[in-house]
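These are the residues of each chain, in order.
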Amino acid sequence: MKRYIDLTQIKKTIGIPLEAAYEEEASELGFNDLNLVNKVAVKARLTNMGSYINVQGEIQFELALECIRCLNPFILPSKTTFEVDYYKKISLVEPTEMALTEKDLRMAYYTDDRIDLLEEIRQDIILAVPVKPLCQEDCQGLCPSCGQNLNIGKCKCREEDIFSPWSSLKKLLEE
Ligand SMILES: [Zn+2]
Ligand SMILES: [Zn+2]
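Residues numbered from 1 in each chain as written. Chains lettered and ligands numbered in written order. Predicted model: local features only at pLDDT ≥ 70, side-chain atom pairs only at ≥ 80, totals over all residues. Heavy atoms only, no water.

(A) Quick look at the side chain of Asn48. Topologically, Asn48 is positioned in strand β3 (residues 36–48). Residue Asn48 is classed as buried on the basis of its relative accessible area of 4%. There is a polar contact of 3.3 Å between the side chain of Asn48 and the backbone oxygen of Thr13. A polar atom in the side chain of Asn48 sits 2.9 Å from the backbone nitrogen of Gly50. Discounting chain neighbours no more than four positions away, the residues touching Asn48 are Ile10, Lys11, Lys12, Thr13, Ile14, Gly15, Ile16 and Ile53. (Helix = DSSP H or I, 4+ residues; strand = E, 2+ residues; numbered from the N terminus. Buried < 20%, exposed > 50% of the residue type's maximum accessible area, 1.4 Å probe, protein only. Polar contact = N/O pair within 3.5 Å; in protein donor to acceptor, adjacent residues only side chain to side chain. Contact = heavy atoms within 4.5 Å.)

(B) Structural detail: the coordination of the zinc ion (ligand 1). Taken together, Cys67 (SG), Cys70 (SG), Cys135 (SG) and Cys139 (SG) make up the full set of protein donors to the zinc ion (ligand 1), lying 2.2 to 2.3 Å away. For the zinc ion (ligand 1), the four donor atoms in the first shell make angles of 106 to 116° at the metal, so the coordination geometry reads as tetrahedral. (Donors = N, O, S within 2.8 Å, 3.2 Å for Na, K, Ca; no water. Tetrahedral: all angles 85-135°; square planar, octahedral: opposite > 155°, others 65-115°.)

(C) Inspection of the side chain of Asn149 at higher detail. Structurally, Asn149 is set in the loop between α2 (118–128) and α3 (156–161). Judged by its relative accessible area of 11%, Asn149 is buried. Only 2.9 Å separates the side chain of Asn149 from the backbone nitrogen of Asn151, close enough to count as a polar contact.

(D) Looking closely at the coordination of the zinc ion (ligand 2). Protein coordination at the zinc ion (ligand 2) comes from Cys143 (SG), Cys146 (SG), Cys155 (SG) and Cys157 (SG), with a distance range of 2.0 to 2.3 Å. Here the zinc ion (ligand 2) binds four donor atoms, and the angle range of 105 to 114° at the metal identifies the geometry as tetrahedral. Mapped onto the sequence, the donors of the zinc ion (ligand 2) take the spacing C-x2-C-x8-C-x1-C. In this structure Cys155 comes out as buried when scored by relative accessible area, which is 5%.

(E) Main features of the nonpolar core. Leu36, Leu46 and Leu117 are the most contacted members of the largest nonpolar core, which has 35 residues in total. Listing elements by their share of this core, those giving two or more residues are β2 (17–25), β3, β4 (53–66), β5 (73–88), β6 (107–110) and α2. It is β4 that contributes the most residues to this core, six residues altogether. (Core = buried A, V, L, I, M, F, W, Y, C linked by side-chain atoms within 4.5 Å.)

(F) Region of the structure containing the pairing of β4. Of the pairings in the sheet, the one linking β3 to β4 comprises ten bridges and is antiparallel in character. Within β4, the residue paired with Val42 across the bridge is Ile59. The turn joining β3 and β4, which pair antiparallel and follow one another in sequence, is formed by four residues; a positive phi near 100° is taken by Gly50. Between the antiparallel neighbours β4 and β5 lie six residues, among them Leu71 with a positive phi of about 65°. (Pairing = 2+ DSSP bridges.)

(G) Spotlight on the pattern of salt bridges. Counted according to the given criterion, the structure contains eight salt bridges. One salt bridge connects Lys11 with Asp113, and the closest N-O pair in it is separated by 2.7 Å. Separated by 102 residues along the polypeptide, Lys11 in the loop between β1 (4–6) and β2 and Asp113 in the loop between β6 and β7 (114–116) bring together distant segments of the chain. Where salt bridges share partners, they join Lys11, Lys88 and Asp113 into one cluster. (Salt bridge = Lys/Arg side-chain N within 4 Å of Asp/Glu carboxyl O.)

Right, here's the structure in full:
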């Protein structure tokens, strides 16, 4: 991924937007704990607001997850958006408590007339990971008795649970 977005083009003129778009193999990002697969695509619009740079972005990515109901692995195409105001960093030393407030206010710093979106991308992907992933909205899950994946087909144990007048009749005829 183009790690840094160069601000040279927009730094002198207030209100001028800059569009940036790039994509990279998920494995190249170094977010090895996030189960990302295939490509991560980022689109960003940067605007010089005078005292800061406003960045509105969109991240498209794919997560490799395991369904909590049927335990099947599946790929979830995902999309998330972000908006952050980047201020030019004057001092190299920042107090810790200030860093916390910055995060809440969606503020960040940049240095050397370039913005690094990597940490922002990482945070947004973390927030977009579902707590209870489902392979499909109405996943039928597994049968608690035999373990059959009920999305593929019904199992015998479930059929027996349902009262059927035909099965009673069949039993009578058999006797
Ligand atoms: Zn499932
Ligand atoms: Zn079963």
